[in-house]
Amino acid sequence: MDTHLANLSNQLMLGTVLLYVVAMVGYAADLAFGERRRTVAATAQAKILVGAGGPEKADAGSVAGPDAAGSDVAEADEDRRQVDWGRFAVLINVIGWGVHLGELVTRGMAAQRLPWGNMYEFVSAICFAAVTAYLILLARQNVRFLGAFLMVAVVIGLGIATIWLYGDPGPLRPALHSYWIGIHVTAAIIATGTFALAAVTTLLYLAVARREAQVTAVAGGKTGEVTGFLSRFPSADRLDRLSNRITMFGFPIWTFAIIAGAIWADSAWGRYWGWDPKETWSFITWVVYAGYLHARATAGWKGHKAAVIALIAFACLLFNFFGINYLVSGMHSYK
């Protein structure tokens, strides 16, 4: 073990957590203040168009003259001079991701192996996979609203890893000395990180859907406008579809991880499947996620019922990860 690199990895882990906390605060500030910035800018632009004879229509009681437009432009300019919390959060998030990558690399160099040979390293890698999935999705569409909630989950995960699961980098157990650790475990890490992002989206969906149902009930069955904090998020329908798409991406990777694990088990233990607790719960997790996707595709399930199944599947995944390793004795009980 290279002590210098091990200490550097630990310092980078601390820096990662601090940067993710700052990013979390930035995302939260964007949710709190970002909507006002966008509203002010849109209002100013609309009044400029009206003042210039554009197609926009002013309200009957509003003044659309140069003075009103100038006032709104000045307010918009002043607002733009304030901190753009959304961009700040994304920037810090990307920097934190880079530091996190450095933590994994230096950990692997210190141990002279892939940096996912124990629970501490596995949790760190899963959190890294979840943040990577989020940033890739963010580059493709506007999902910045997920940032604060994902950062909460990631900071908690890294905190648990650092406080309770930490172990010095060392050699792998004999059963793990195989190139399959770079295939099977990597696939499991990517799938778990993706499922974690889907779970965060599902929980947010349930909150927005509940609020939309309350608004509809108050409006006497008519679709009403959601107000307050939850108005800053997309509709429940969009969140439901987003969670489904993320899960659809992670499911084939989880399937491959199980298949690769079976092949590795045959080379290591002389059998493809032995109903070891880890194997059993991996299969149970696969079945529940498969049931979720099948119900959506064939029975038209969506919304609350589908969300409950997705969260049950993620709970099975968490038990497979933590419960099997600490509560059940088996051939896969690594700590």
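Scope of this entry: the structure provided in the associated data block. All of these numbers come straight from a predicted model, not from anything done at the bench. Counting from 1, residues in each chain are numbered in the order their sequence is written. Predicted model: local features are reported for residues with pLDDT of at least 70 only, side-chain atom pairs are reported and counted for 80 or more only, and whole-chain, interface and lining totals are derived from all residues. Side-chain descriptors were evaluated using all non-hydrogen atoms of the structure, hydrogens and water having been removed beforehand.

With that settled, the discussion passes to the packing of aromatic side chains. Pairing of aromatic rings covers Phe, Tyr and the six-membered ring of Trp, with a centre-to-centre limit of 6.5 Å; geometry is then stacked below 30 degrees between planes, edge-to-face above 60, and tilted otherwise. Considering all chains together, one arrives at 17 aromatic pairs under this definition. Relative to Phe233, the ring of Phe145 lies with its centre 6.4 Å away and its plane at 90°, an arrangement referred to as edge-to-face. One end of the pair, Phe145, is in the loop between helix H4 (119–140) and helix H5 (147–164); the other, Phe233, is in the loop between helix H6 (184–218) and helix H7 (236–269), and 88 residues separate them in sequence. Here the term buried applies to any residue with accessible area under 20% of the maximum for its type, exposed to any over 50%, and partly exposed to those in between, with areas from a 1.4 Å probe on protein chains only. In this structure Phe233 comes out as buried when scored by relative accessible area, which is 7%. A ring pair is formed by Phe321 and Phe322, whose centres lie 4.6 Å apart and whose planes are at 75°; its orientation type is edge-to-face. For Phe322, a relative accessible area of 31% corresponds to the partly exposed category. Each residue in the set Phe251, Trp273, Trp275, Phe283 and Trp286 is aromatic and connected to the rest through ring pairs, giving one cluster. By definition, any uninterrupted DSSP run of H or I lasting at least four residues is a helix, any uninterrupted run of E lasting at least two residues is a strand, and each is numbered from the N terminus.

Whenever Lys or Arg places a side-chain nitrogen within 4 Å of a carboxyl oxygen from Asp or Glu, that contact is recorded as a salt bridge. A complete count under the given rule lists 7 salt bridges for this structure. The salt bridge involving Glu121 is made with Arg107; its shortest N-O contact spans 2.7 Å. With Glu121 in helix H4 and Arg107 in helix H3 (residues 85–111), this pair connects stretches of sequence that are 14 residues apart. One exposure class covers both Glu121 and Arg107, and it is buried. Among the salt bridges present, the one from Glu121 reaches Arg113, with a minimum N-O distance of 2.8 Å. The buried category is assigned to Arg113, whose relative accessible area is 14%. Several salt bridges converge on common partners, so that one network encompasses Arg107, Arg113 and Glu121.

Moving on, we get to the nonpolar core. Soluble globular proteins: nonpolar side chains tend toward being buried together. In this structure, Tyr134 and Phe145 are the most contacted members of the largest nonpolar core, which totals 79 residues. If you list the elements that add at least two residues to this core, you get helix H1 (3–51), H3, H4, H5, H6, H7, helix H8 (277–298) and helix H9 (304–326). If you tally residues by element for this core, the top one is H4, at 15 residues. Excluding anything up to four places from it in sequence, Tyr134 contacts Tyr27, Asn93, Val143, Arg144, Leu146, Gly147, Leu150 and Leu197. For our purposes a nonpolar core is just a set of buried Ala, Val, Leu, Ile, Met, Phe, Trp, Tyr and Cys residues, chained together by side-chain atoms within 4.5 Å. The contact definition used throughout considers only heavy atoms, calling two residues in contact when any of these lie within 4.5 Å.

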